[in-house]
Structures are given as structure tokens and as C-alpha cells.
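Structural features, examined
Listed below are the residues making up each chain.
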Amino acid sequence: MRTFLLLLLWLFGATVCIAQRGPLPGFSTDTPYLIYYGNWTDTQAEFARDHYHMVILHPSVSNVTPAQIATIQSGPDRTAATKDDVPVLAYISVGEDDRPGAPATGDGTGPKVDPRNSHSDPLAGISPLGAPSPGGTGFASYYLDDGVLSDPNSIADDGQPDRNRTFGGYYVNAGDPAWLEVLKVMTKSATGRAGLEELLTSTAGNGYHCDGLLLDTLDTPAPNSYGVTQYEWTAPGLQSLVAGISAAFPDKIMLGNRGLFFYNPNLKHYEFTLRPYLNLILYESYYTDSSASAAPTAFFDDNRYNFAPKINAESQRGDGFTVLALGYTTPGEPAHLSAEDFLESQGKQGWSLYRTNPALNTTPFNTTAIAWNHENPDVLEPLWDSSAATNSTPPAPRVGIQEVEAGNRQVTVRWDVARDQTGPVRYNIYYSDQEDFDFTSAIKLAAITPTTPDNYLRGTGAGRFPFEFTVTGLTNGLTHYFAVRAEDALGTEDTNPTILEATPQGPVSNYLKVTVDGDKTEWNTVPISLLDPAGDGTQDIISVRLANDTDHLYLLVEYGALTGVNTFNGSPSTFLSLDTDLDTGTGFDIYGLGVIGADIGWQNDFPFSQSSGTFNTNGTFTGGGAMISPFNTTAGFQEYAIKRTATYRINASPPLNVFTQDSVRVAFWTDGAHPEFSGVAEYQFAPDPGEEIYANWKRSHFNPAQLSDPLISGDGADPDRDDLPVFMEFALGLNPLTPDNSALTSTNLVTEDDGQHLAITFTRRPPDSGLTYSVESSSDLRTWNGNPVQFVEFSTKPLQPGLEKVTIRLSATLTDSPGFLRLRITLD
């Protein structure tokens, strides 16, 4: 018997709710805010206290005092720490150095430039500090010298820090640790700008003790393709900075101004999203900008159709945010412009709007939002939108449920984004096994927390949707019917009638030893895994069957007619693609469909390795050739056999196993003028009827030489040196040859029975796997209680076949006392 205690996990009940980012509770278009950077009087502070639900101010450039801030914070009841308190947020620039004395000399190693060889290179994995400017140094390390494309006077690589000529700040590499130190300790009296500690505490400098921050100048790492700046390489560093500030001040509210590219999956910045570290974002200049044009911004169509749906989608995620809008006034503007601004921002998008002059110091403060709300009560149901756009061209709304994908006792449902005047918008899933679908009798899953489909992470467009949810516990072979409806914060639900159907099926898994000899008789007992319409491509694939034994994966591909296969005469080639890690994001996206990430492929019988964005990574294979029959002839079908022990190398890498999981995704396709694509089947390797699950898992992950070496494949071995023995890799559904750096369990709070409970989430195998999973609790880290009576299984979600994600909570509700959970796993 082997036992492993997995990670000591803890939470303090009194602080966990504050530490978690997410939308600001209770904030909507019905809760107007004020943004004002001018000087304050006590009377103004009292007015702000009584008329707004949030106030954003700028202590560094105004005369506001800690006492006036405390007045605002006390709320209409004039009493601190009560329900009606008004949070006060302070401005700070994090992407530009706006101190009056900038640029600073610092350590003299700056300015810095993009360390990449090409602007087309990825943002991940680059040197976070950049490269020294070819034009010389002599300034602080965090300044930049890549050149401002929109400024004809700016010269790249000239050894001088680049400056924003419009607003005066110097662009910075926010990920430089020296810049974070500046932000932390700078004070208004010493540098002309208040820093994090002075703004957020009562003990540093003037001690403003604000409730949070408006993080400005997040646009510094904008895509180079925008043609304004060339600092996109600093995006990972800006994410690190915002994450660090968020973690250092977990009880403070974080509002980010713009940085819209961080929330658009069509841009490479999406990988470094700021979403988990912010409570709110400010969409400045959504409808009106600071150009004094007295007209809608020239970018409104792009804002409306390209960015707004994506911003709303990100805001509606479990770790999403609240969106505010900021519009600008122009002296003498037409009266209808303000009404249109409120209609577009509040009425259509559900973003609380404040309008002011470009200097953000207009007085008296306006209460236009309150008046607009009174005159325009929300009486409409949510409206559906589309995240598919890549430019300012309006896409058609995608209403209700858009896609269903059947699995083993489950169906994954996908849909696009909806919007409403009163957010946040939430989604309800309805399902039934009755063809005569009735919303009143169907099962309703209310206000579900959606996840993000893999293909949306790589871009928007046709067939790609921002949300998905997996409905579990369904009956295989029984057709189910599904619908999705949107509901606003007032409880008004849309009434779209769209319904899609799907039939859950058990995993494809067939243990059979096949003789690859051009006789398909032995396949008669194997069901078809993939059906494809006849006449839709060349070669015309119509079906695929799958099987395995302990040594091979077998495939039977059938064609619609006799076909010249593998003839090497210029006719279309038949390709076999395998997604061996079950991750569509890591492999090559065949035809850009987003349904398979091919890690290994075969053109005819020749194997080649693949990765995301690279069709052939030039792997060298051992035992990887496909055995095919019939071959190089005219045939109506072909049998394939692939060795499960096949390995390959990339350059000088150690041998890599072709098959790394219990399962694999499979697709056949062809090239040429009329390409064919069979669809994708997920296949679970069937165990030898005489072999245990654990032994079969080992056979799937280790080659024969590794299996014979207990230092590699023994229960207690750790071949990938990630401090997890082999049996733990099995228990948690991991790859024993790849280090696992991410969290293997997570603690969180779940709400049930009108109370909050401490819970732990982890991956689990079924009872017949020979494993025992036990959760234990403690209040002092010395004495542990494993009595199962104290726990309740809160939820389970099927993952790949043979694995599920389970959340187990304490029966008792959370208290202010420390609480600790740990997971014990035992191999019998």
C-alpha cells in the first residue's frame, strides 16, 4: 500500500471572499459613479457621498484630503463600515511614468528595446527586462526606446526614453521590478505622484487610505499592428505587475482603464489577460472621446461590433469584472449626443456611464445617469449579440444555443454572449429527453458558471463561441434536447425558442487484435466511430472504425467508392492525425476548424510531428511507420496499425512517446482541390481483459524499456522530477513523463443551504482503479480529522473517460477561525 498526502491547502474564512477578484457585487447601471480629477471642497465631498455609489479621484494632482475621502466613504448614513459606504478609488499610472521629474537616471541600464528577433514572434518566453537600446543607456532600466510610430519626432533606438507627447508621460516596461518598487514607495511630497502605499494605506505619506485603484495607461503594450507604439513585448510584464498589485492588496478594488486588447482572443495579448486581477474595467471613449469633435468617436463601430461583445463575454466569466463607461463632453455639443451616449453605453451594453470634459474636472458634478435611469426603466429582456467580428462590420446576432457536443453520459452546450441594460447577465440551461420540448417542465440549470471552449482561446469567428457548459449525468443512447436563455439582474429572462438535440454515447473503446491484411471481415463486430457524408470530398471518406490491443492502435477507413490510395501520382493524399494530449491548443489545427490539435500525423504511411502553428516539426521516429493494407493500389477501404510503443525525437530531445494518455483523438483528412475531413473521434484505449487499469495505464505511458526500469515506472518513481510519484500521476490523470507545475487541487468557497462552506476540488478515478481518495480537515495543522461524515460531495464533472473532477465540501459552514483541508491518496 502506498499513501501520498497531496499539498497542504488552507483558507481563512474571514479573508477569502475579499481575496477573490470578480465583478463588484451589486454594481450596475442603477448605481451611478463619479470620476473627477479636480480640486475638492468639503461641500463637494458631501455631495459625492450622497449621490454616487463609487468615486474615482486623483490625489496626485488635486488637493483632496484624507478627511474628505473619509467623508465620501462614509456614505449617505454618514457612518463608516456600513452597507451604504461609497468606495473611493485613486488614479495611478502604471504604464507610463508621469512624475514631474521623469525620466529618472535609476541604475543607468535603460532605456530598453524589444528583445525579439521579429515582431511576429510570440510574446511568451521572451526576456522580461528587454534588451539595452543600441543608441546607448544612462536611464532607469524600465524606460523604453522602441519608437512611437504616431510621433514623427520619436526616433527608435536613439538611447532616449520614449515619451507620450500628448499626455507627457514616459513609456515604461511595467514588468521591470524596479518600476514596481517606484510605484510602491513614491510619495506626492517627494516625487509629485502618490504611490501604492500612500494611496491605499493610512501610514505612508499623506495616508489617503482609498478603497482601491484606477490603474491607468494599460495601453502601453498595445499591438504593434495598431501603428501607434511598438511595446507589445511588454504585455507579459504588465500582466505580472497588475497581478502583483492585486495580490499585494487583496482587500482593495482594482479598476483597469482600457487595455481592451487583453480581452480579445484574436490578439496574442489574450494569453496575458488581466481579467483575473481586476474587479472592474473602464471603457473610456466608447461612444464619445476627448477629441472635442461634438460627435461619436470615429472608432465607435469597431468599439460596438468588434470589442464590446468580447468585453461583455469576459465580464460574464466566473472571474469576470464589472464594466464602466466614460464619455467626454464638448462645449456646444448637440443635445442628442448625451442621450445617444447613454443609450449606447447604459441602455444597450449595461455599462454605468459618466460624462465629463477631457480634463476630468467639470463642476458642478452631474447626475445625468440618475435622471436617465428614471426616464428609461429597464423593461426589455436581454438581447443576443455576436463575438464573431474581427473588425467594424456588424455580425448577425447568434441567438440562444449554438452548438452541442455529445460525450459519455454528458453533453457540452455552447453559446454566444447576450447583453442587457441591467447586468450582470447570467445564463440558464434547459434540457429534457422529451422531443416535445416544454420550458416549463424541462430541467433548468439556473445561472450556471460557464467555461471557455478551447477553440475560442485561439480566436473568434464562425463555429467559435465564448461560453460552454457540460451537462452531466445523462443517459447514453437517449436523445436529449437543450436550450439556453439569458437573464438580467432584474430576473427578466429572454424567450428565444432555439433548441438543439444530442445523444450521449459511451466512449469508443474496442479491444481487438487485427491482422492488417486487406481483409476487413474481423472488423464486423466493431461499431463505426465516425460517419461522414458521401460525395463531400476526395478521397471520399465515409466511415472510420477504431480498435486496439496491447501493442497497436488499429483503424479502418472506408471510402465511398474504389479510390486510388497511396499511389504517389499527384492524387490527393490521405492523412491520419492524432491529438495525443487531448488538447486542441497544443497541436496543429487542421484546416483551422478548431476541433483537433494534431500532435502526430501520417501522410500515407510516413509519420511526422506537429505543433500549434507548425505543420511539420521534423521529428525523427522509431517504430512510428503505419502498417497499411491495401496500399498503393485502388481500394474501397484501408486498415492501419500504429505501434503503441512508437517514439520520436525533436532535434536532440530525449525520446518522446507518441501515445501519452489513456485516450487519443483521431481524424482522417485529405488535401487537394476537394479536401475531405472525417470529423474527430475520441478513442479510449481498451484494457486487455486480463490486465488491471493501473497496469494498462502504465503500458500507455511508458515504452517497454521504461516499463522494465523501476526507477522510471515503479509506483514510487518520479521520472519527470515534479515531486509526484508515478502512482500519484495515475491517480490525478497526469502524464508521468511531463512535469506538472500547475495546482493539482484547489480550495474554494461554495455556497449551499444559505451558507458558505470550505471545499477542495481535485481529479479522481473510479472506485475500481485500486485507489482510495480521502479528504481530511484540521483547525491547527497538527491534528487531522478524516471522518467522512464531516464532508459532502458537492459536485462532479466528467473529464476524459475514466476521470472526473470532484468538489467535496465541509458540512459545517465557514467561520472566522482558520480552516485547513488536505487530500490523502492511497494505492491499495
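Just so you know, these numbers come straight off a predicted model, no measurement behind them. (Residues numbered from 1 in each chain as written. Predicted model: local features only at pLDDT ≥ 70, side-chain atom pairs only at ≥ 80, totals over all residues. Heavy atoms only, no water.)

With that settled, the discussion passes to the side chain of His480. The topology assignment puts His480 in strand β21 (residues 480–487). A polar atom in the side chain of His480 sits 2.7 Å from the backbone oxygen of Leu478. Among residues more than four places away in sequence, those in contact with His480 are Ser432, Asp433, Leu474, Thr475, Leu500, Glu501, Ala502 and Pro504. (Helix = DSSP H or I, 4+ residues; strand = E, 2+ residues; numbered from the N terminus. Polar contact = N/O pair within 3.5 Å; in protein donor to acceptor, adjacent residues only side chain to side chain. Contact = heavy atoms within 4.5 Å.)

Let us now look at the packing of aromatic side chains. Per the stated rule, a full pass over the model turns up 44 aromatic pairs. Taken together, a centroid distance of 6.4 Å and an interplanar angle of 75 degrees make the contact between Tyr52 and Tyr354 edge-to-face. Residue Tyr52 is located in the loop between α2 (42–51) and β3 (54–57), and its partner Tyr354 is located in strand β13 (residues 352–356); the two are separated by 302 residues in the primary sequence. As far as the burial class goes, Tyr52 and Tyr354 line up, both buried. (Phe/Tyr/Trp six-rings, centres within 6.5 Å; stacked < 30°, edge-to-face > 60°. Buried < 20%, exposed > 50% of the residue type's maximum accessible area, 1.4 Å probe, protein only.)

For the rest of this paragraph, the subject is the nonpolar core. Core analysis: the largest hydrophobic core is formed by 91 residues, its most contacted members being Tyr33, Ile35 and Trp40. The contact partners of Ile35, leaving out residues within four places of it in the chain, are Ile56, Leu214, Leu282, Leu326, Tyr354 and Leu360. Membership of the second largest hydrophobic core comes to 39 residues, among which are Val557, Val666, Ala681 and Phe685. (Core = buried A, V, L, I, M, F, W, Y, C linked by side-chain atoms within 4.5 Å.)

Moving on: the pairing of strand β9 (residues 212–216). For β9, a buried count of 5 out of 5 residues is recorded, marking the element as mostly surrounded by other parts of the structure. Alternating positions in β9 separate into two faces, Gly212, Leu214 and Asp216 on one and Leu213 and Leu215 on the other, with burial throughout. Here strand β4 (residues 88–93) runs beside β9; their pairing, made up of 5 bridges, is parallel. Its bridge partner lying in β9, Ala90 is registered against Leu213. The sheet contact formed by β9 and strand β10 (residues 253–257) spans 4 bridges and is parallel. Bridged to Gly212 within β10 is Ile253. (Pairing = 2+ DSSP bridges.)

If you check helix α7 (residues 235–248), its first and last C-alpha atoms are 20 Å apart, about what 14 residues at 1.5 Å a residue would give, namely 20 Å. Across the 14 residues of α7, 10 count as buried, placing the element largely inside the fold. Within α7 the residues assigned to the buried category are Ala235, Pro236, Gly237, Leu238, Gln239, Leu241, Val242, Ala243, Ile245 and Ser246. (Expected span 1.5 Å × (residues − 1).)

What follows deals with the side chain of Arg317. You can see Arg317 is positioned in the loop between α8 (300–315) and β12 (322–328). Residue Arg317 is classed as buried on the basis of its relative accessible area, which comes to 5%. Within polar-contact distance, the side chain of Arg317 engages the side chain of Glu314 at 3.2 Å. Not counting residues up to four positions away in its chain, the partners in contact with Arg317 are Tyr270, Arg275, Thr451, Thr452, Tyr456, Pro466 and Phe467.

Scanning the model with the defined rule gives 35 salt bridges in all. The residue Asp341 makes a salt bridge to Arg355 at a minimum N-O spacing of 2.8 Å. Taken together, the positions of Asp341 in helix α9 (residues 335–348) and Arg355 in strand β13 put the pair 14 residues apart, joining distant regions of the chain. There is no split in this pair, since Asp341 and Arg355 are both buried. Glu344 is the salt-bridge partner of Lys348, the closest N and O atoms lying 3.1 Å from each other. Of this pair, Lys348 and Glu344 are both found in helix α9, 4 residues apart, which corresponds to roughly one turn of the helix. (Salt bridge = Lys/Arg side-chain N within 4 Å of Asp/Glu carboxyl O.)

Let us now look at the sheet that holds strand β36 (residues 663–670). The strands making up a sheet associate through backbone hydrogen bonding, with each pair oriented either parallel or antiparallel. Pairing in this open sheet of 5 strands is antiparallel, and the strands run β30-β29-β26-β36-β37 from one edge to the other. Each edge of the open sheet carries a strand with a single partner, namely β30 (606–609) and β37 (681–684). Taking each pair of neighbouring strands and ignoring which way they run, the sheet shows an average axis angle of 25 degrees. Note that strand β29 (residues 600–603) and β30 share 4 bridges and pair antiparallel. Bridge pairing links Ile600 to Ser609 in β30. (Axes fitted to C-alpha atoms, helices over the stretch in contact; angles between N-to-C directions.)

In the predicted model, the protein carries a mean pLDDT of 91, and 96% of its residues have values of at least 70. Contacts for the low-pLDDT stretch residues 7–20, under 50 throughout, to residues beyond four places or in other chains number 34 contacts. (pLDDT = per-residue confidence, 0-100.)

A few words on the sheet that holds strand β18 (residues 426–432). Spatially, 4 strands are ordered β19-β18-β21-β22 in an open sheet, and the strand pairing comes out antiparallel. Edge positions in the open sheet fall to β19 (443–445) and β22 (500–502), since each of these has one partner strand only. Sheet twist, expressed as the average angle between the axes of neighbouring strands with direction ignored, equals 30 degrees. When β21 meets β22, the two strands line up antiparallel, connected through 3 bridges.

Let us look at unusual backbone geometry. The omega torsion across Gly423 and Pro424 is 5 degrees, close enough to zero to call that bond cis. Tracing the backbone shows Pro424 in the loop between β17 (418–419) and β18. The residue after Ser629, namely Pro630, is reached through a cis peptide bond having omega -5 degrees. In this fold, Pro630 is placed in the loop between β32 (627–629) and β33 (633–643). Of note, Ala294 is a non-glycine position whose phi angle comes to about 55 degrees, a positive value. Examined against the element boundaries, Ala294 turns out to sit in the loop between β11 (280–284) and α8. Look at Ala447: it is not a glycine, yet its phi comes out positive at around 45 degrees. According to the relative accessible area criterion, Ala447 is partly exposed, its value standing at 42%.

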